[in-house]
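Okay, here's what each chain looks like letter by letter:
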Amino acid sequence: MGTLTSCSNFSTLNLKTAINGGAVASITTRKRGRLFKSQFGLNYKNCYLCQKGLRRKFLGIEKNGNFFDGLVCFSSNDDDNGDKSSSFGKDSSLATKEKDVEEGDESSSIELGSQNDESNSFPSSSGTPSNSPVEISYNNFQVDSFKLMELLGPEKVDPADVKLIKDKLFGYSTFWVTKEEPFGDFGEGVLFLGNLRGIREDVFAKLQKQLAELVGDKYNLFMVEEPNSESPDPRGGPRISFGMLRKEVSEPGPTTLWQYVIALLLFLLTIGSSVELGIASQLNRLPPEVVKYFTDPDSVEPPDMQLLLPFVDAALPLAYGVLGVQLFHEFGHLMAAFPNNVKLSIPFFIPNITLGSFGAITQFKSIIPDRKTQVDISVAGPFAGAVLSFSMFAVGLLLSSNPGPTADLVQVPSTLFQGSLLLGLISRASLGYTAMHSASVFIHPLVIAGWCGLTTTAFNLLPVGCLDGGRAVQGAFGKTALISFGLMTYTLLGLGVLGGPLSLPWGLYVLICQRTPEKPCLNDVTEVRTWRKTAVGVAIFLVVMILLPVWDELAEELGIGLVTTF
């Protein structure tokens, strides 16, 4: 920041000048005369108070490509200014040099502004004069902070490599670069904007191959939509640009030992919550003091938990079913990721006492090549879990409608079937009006295991964040569509329309752990085929049908549960 001073006792008028930098409001040297005449009625080459000549002092240190200078009155004391300039250079490690102001110098720009409110007004003549021609822009602490941020932040792309890649990689036959912008979460990469000179998929494959031959396995090249594009590509589709990041920055890090430990602890807790679900399903068989403790809010004295040990063996089949669904879910992800050379992290299971488990958090440990692969991997897990869950649910309903002499049925309240419109209708069609239109229903434990598995799968297919449904929607329809779907999902969860009493805990879980969308693929432009979009749309519709509760009027009309009216 420079300071325009006068030889009188008036205060300084702050000016900021920048060369090769981003000025907020700048004018060229040819226009300075008009600016100073319009603002002060004086010639731009003279001091605005003493009408004597001005000279410019330049700071010789570059910060992000910008050089800063200041205008100094010729009548000011050179010795004083020199002393203050030297002290300024000593404090901020910046050297200064003098350069005359020339009218034809169009490379420099001047920017008017003030640092504080006091600089906008002239004090009385008794005020203390200011002889310092230059004011410090950054103090030592700020400069050190910038250096520390650059040191601790992600490693940026080498400027020499950028020049090499721009000259050797891009060209008339592939992609003509017209502009460069920062790329990545912290601007650690480079985004090349320009004009495409061929079929985007062929150009991208060619550029990837040439990049590997040019710099080796050092960078990852991304094909993304051009940000803030005002018109589509003349060849059809959106305008594209190419982003480049260092491989160690763009790819996720390996799983650490602590993550393995946390995953193991969460899995053990999920086993415990699944067994607890199996014990709770035998509510009509549990000792009265145990039931009273868990159902009566006024009960404060805990019972002897050893009374639950005889019921653990009977709870294991249901626990096995719940855990089996989650393992099948993760196995489906793995089977879809392996052929595409996509690495996955170890699953972090989320225990839940109502459903046994809320599913698992599985991260991508390598960059996804394209949106088609993202859709396939995201949908494969829920599809595998849903197939096993629906199989158990259907077999359980069959065993419940035709119980054998040794059938081990459990008694559950009929209001359970009002928690899902789709599953309630299937249960009503299988068990009949008489069995369903009562206070309690006798069902096989497989019905509960399948119900919990389908509900958990539906929750994970919600189109929000980096859930399986969010990843699938982002791959099939794009990130913009995911934002719209996400806002709608958050609204329905907040109102309790989806998921009933589980909407609030699930919504909090997503906000805390899964709210961030997935990072872009290497080829984040090529759209998937129509049948994949249709499959994702059908899956979202089934999710809504599973998580949508049955309201009392419809439940009474269809005979799903016994609705008590007052």
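Look above for the structure.
These figures come from a predicted structure and were not determined experimentally.

Engineer: Is there a simple way to explain the overall build of the protein in this structure?
Structural biologist: Looking only at helices and strands, the protein features 18 helices and 14 strands. Burial analysis of the protein (566 residues in total) assigns 43% to the buried set. Taking the intrachain contacts of the protein between residues at least 6 apart in sequence as the baseline, contacts between residues at least 24 apart amount to 72%. Of the roughly 29,700 Å² of accessible surface on the protein, 60% is carried by carbon and sulfur atoms.

Engineer: Please clarify how the packing of helix α9 (residues 312-337) against helix α10 (residues 371-401) should be interpreted in this entry.
Structural biologist: When two helices pack together, their arrangement is given by the angle between their axes and by how far apart the axes lie. At a minimum axis separation of 7 Å, α9 and α10 run at an interaxial angle of 150°. Classed by the angle they form, the pair α9 and α10 counts as roughly antiparallel. Our pair here, α9 against α10, has a crossing hand that is right-handed. Facing G321, G324, V325, F328, H329, G332, H333, A336 and A337 of α9, the residues of α10 in contact are D376, I377, S378, A380, G381, P382, A384, G385, L388, S389 and M392.

Engineer: How should the pairing of strand β11 (residues 348-352) be read in this particular structure?
Structural biologist: The two faces of a sheet get side chains in turn, since along a regular strand they alternate between them. In terms of residue burial, β11 counts as a mostly covered element, since four of its five residues are buried. Hairpin connection from β11 to strand β12 (residues 356-361): three residues lie between these consecutive antiparallel strands.

Engineer: Just to check I follow, could you spell out the pattern of salt bridges for this structure?
Structural biologist: Pairs can form between side chains of opposite charge whenever their charged atoms are close. A full pass over the atoms with the stated rule returns eleven salt bridges. A salt bridge links K166 to E180; its shortest N-O distance comes to 3.1 Å. Here K166, found in helix α4 (residues 159-168), pairs with E180, found in strand β7 (residues 175-183); they are 14 residues apart in sequence, far enough to count as distant. In this structure, K533 engages E527 in a salt bridge whose closest nitrogen and oxygen atoms are separated by 3.2 Å. What makes E527 exposed here is its relative accessible area of 53%. Beyond isolated ion pairs, a larger network of salt bridges with shared partners links D217, K247 and E251.

Rules of the game
- Residues numbered from 1 in each chain as written.
- Predicted model: local features only at pLDDT ≥ 70, side-chain atom pairs only at ≥ 80, totals over all residues.
- Heavy atoms only, no water.
- Helix = DSSP H or I, 4+ residues; strand = E, 2+ residues; numbered from the N terminus.
- Buried < 20%, exposed > 50% of the residue type's maximum accessible area, 1.4 Å probe, protein only.
- Contact = heavy atoms within 4.5 Å.
- Areas by Shrake-Rupley, 256 points an atom, 1.4 Å probe, with all protein chains shown as cover.
- Axes fitted to C-alpha atoms, helices over the stretch in contact; angles between N-to-C directions.
- Parallel < 35°, antiparallel > 145°, perpendicular 65-115°, else oblique.
- Left-handed = near helix turned anticlockwise from the far one by under 90°.
- Pairing = 2+ DSSP bridges.
- Salt bridge = Lys/Arg side-chain N within 4 Å of Asp/Glu carboxyl O.

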